[in-house]
Amino acid sequence: MSRYVRIILIVLCACVCVFTGYKIISSFVSDKEADKIYGTIQNDVSNILSPDQSEDESNGISVDIWTREYPSVTTNEPSESSDVTTDSKEPVENVTTIEPGSDSDTTAEPSESITESREPRPSVSETSEIPEPAPGPEITPSMIRRMSTYIKSLKAKSKDVIGMIHIPITYGGKDYTISYPVVLTDNNDFYLDHDIYGNHLNEGSIFADCSCKPNVLDNRNLLLHGHNMFQQTMFHQLHKFLSSEVFYKSYIYFFTEDGVYIYEPYSAYITSPTSQYAMTYFASDTDYLDYLNTTKRNSNPTLYKENISLNSNDYIITLSTCSGVAAQDRLAVHGILIKKVTLQN
């Protein structure tokens with residue numbers, strides 16, 4: 001080996017060492033910065049949603065509650081055509097005002113004025129039992145009000161903030177809760193490596209697909225993206241939804257300035273990024289129903305909720321991250337909107 005070849009090899013090795021060292025230091029600094037930004041936000045959210053806080057401030061807070069009714073199901077194995085049903089888009093009926101302290105007020109604090117809207121309940125097969133789960137920890141009007149104020153404070157610093165994703169996850173007796181602000185801009189590249197304030201950050205941000213609208217109910221499918229970080233941050237913990245322990249017991253909360261949208265997971269699976277799992281535009285109700293049908297059938301075999309029958313009136317959320325299995329594969333978690341609580345004043 002000539003002298004010049006040895007010199008070139010030494011230089012190349014030195015460059016590799018310098019580059020590797022730079023990446024390690026850069027990653028360490030980025031992790032610290034991410035923890036400083038998002039760790040602070042997560043602590044704030046934890047305090048806001050703490051049940052230990054006094055609920056005296058709920059006095060005078062009026063909220064409107066919409067609850068999705070569970071369509072009828074049978075105990076038979078679902079067929080390809082039975083996953084999704086078509087309902088006419090009739091207006092919500094049976095709007096009643098629940099007086100504070102009345103016997104029918106099972107979820108409200110005594111001091112709250114609540115208007116509850118329910119769709120007409122379909123007939124239920126005598127052979128089926130339809131569980132109506134109480135979504136996760138109780139979210140009180142004062143918590144919603146405090147979260148609304150907090151989101152407004154974030155928006156004052158970053159105009160792209162549209163809400164807060166909050167997913168309480170308990171697995172193996174440990175807490176793996178996901179809590180991050182959600183941003184939206186006109187492309188899907190910027191927030192891959194920028195924090196919510198626009199500063200460069202390897203972890204990026206949790207962001208809505210650029211095809212989505214800021215108003216939740218302007219989206220049939222609210223699609224959120226986030227990295228699957230080695231440090232177990234961002235959307236890394238979504239992989240817990242591939243476990244029955246998490247899939248059947250967890251709920252997805254999306255807070256906005258106006259209130260909270262609560263989703264129940266109905267499908268989770270690993271897929272290809274070209275599988276159209278991330279569709280947000282549907283030319284017709286038929287296209288939307290086909291999409292819903294596909295997302296439910298794609299769910300892992302052990303992750304199937306027979307009591308959920310989807311229809312064209314439903315709104316869903318899709319959470320997407322890298323699978324960690326194959327370089328390009330994605331983990332998709334779909335949830336159906338089952339409850340909406342909005343502030344009235």
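The notes below deal with the structure included here. For clarity, every value in this text was computed on a predicted model and none was experimentally measured. (Residues numbered from 1 in each chain as written. Predicted model: local features only at pLDDT ≥ 70, side-chain atom pairs only at ≥ 80, totals over all residues. Heavy atoms only, no water.)

In this section: the packing of aromatic side chains. One pass over the structure, following the stated rule, counts six aromatic pairs. For the ring pair Y253 and F255, a centre distance of 6.4 Å and an interplane angle of 15° mean the geometry is stacked. When sorted by exposure, Y253 lands in the same class as F255, which is buried. Seen in terms of ring centroids, F282 and Y291 are 5.1 Å apart; in terms of plane orientation they differ by 50°. Their pairing is tilted. (Phe/Tyr/Trp six-rings, centres within 6.5 Å; stacked < 30°, edge-to-face > 60°. Buried < 20%, exposed > 50% of the residue type's maximum accessible area, 1.4 Å probe, protein only.)

Turning to helix α4 (residues 285–297), a few remarks are in order. With 13 residues, α4 ought to run about 18 Å at 1.5 Å a step, and its terminal C-alpha atoms sit 18 Å apart, in line with that. The set of residues buried in α4 consists of Y288, L289, Y291, L292, N293, T295 and K296. (Helix = DSSP H or I, 4+ residues; strand = E, 2+ residues; numbered from the N terminus. Expected span 1.5 Å × (residues − 1).)

Within this structure, the stated rule accounts for five salt bridges. Here D314 and R68 are joined by a salt bridge, their closest N and O atoms 2.6 Å apart. Of this pair, D314 sits in the loop between β13 (310–311) and β14 (316–322) while R68 sits in the loop between β1 (62–67) and β2 (84–85); the two residues are 246 residues apart in sequence, bridging distant segments of the chain. Assessed through its relative accessible area of 5%, D314 is described here as buried. On the basis of relative accessible area, R68 is assigned to the buried category, the value being 3%. (Salt bridge = Lys/Arg side-chain N within 4 Å of Asp/Glu carboxyl O.)

Note that every value here comes from positions in space, so none of it alone points to a role or purpose.
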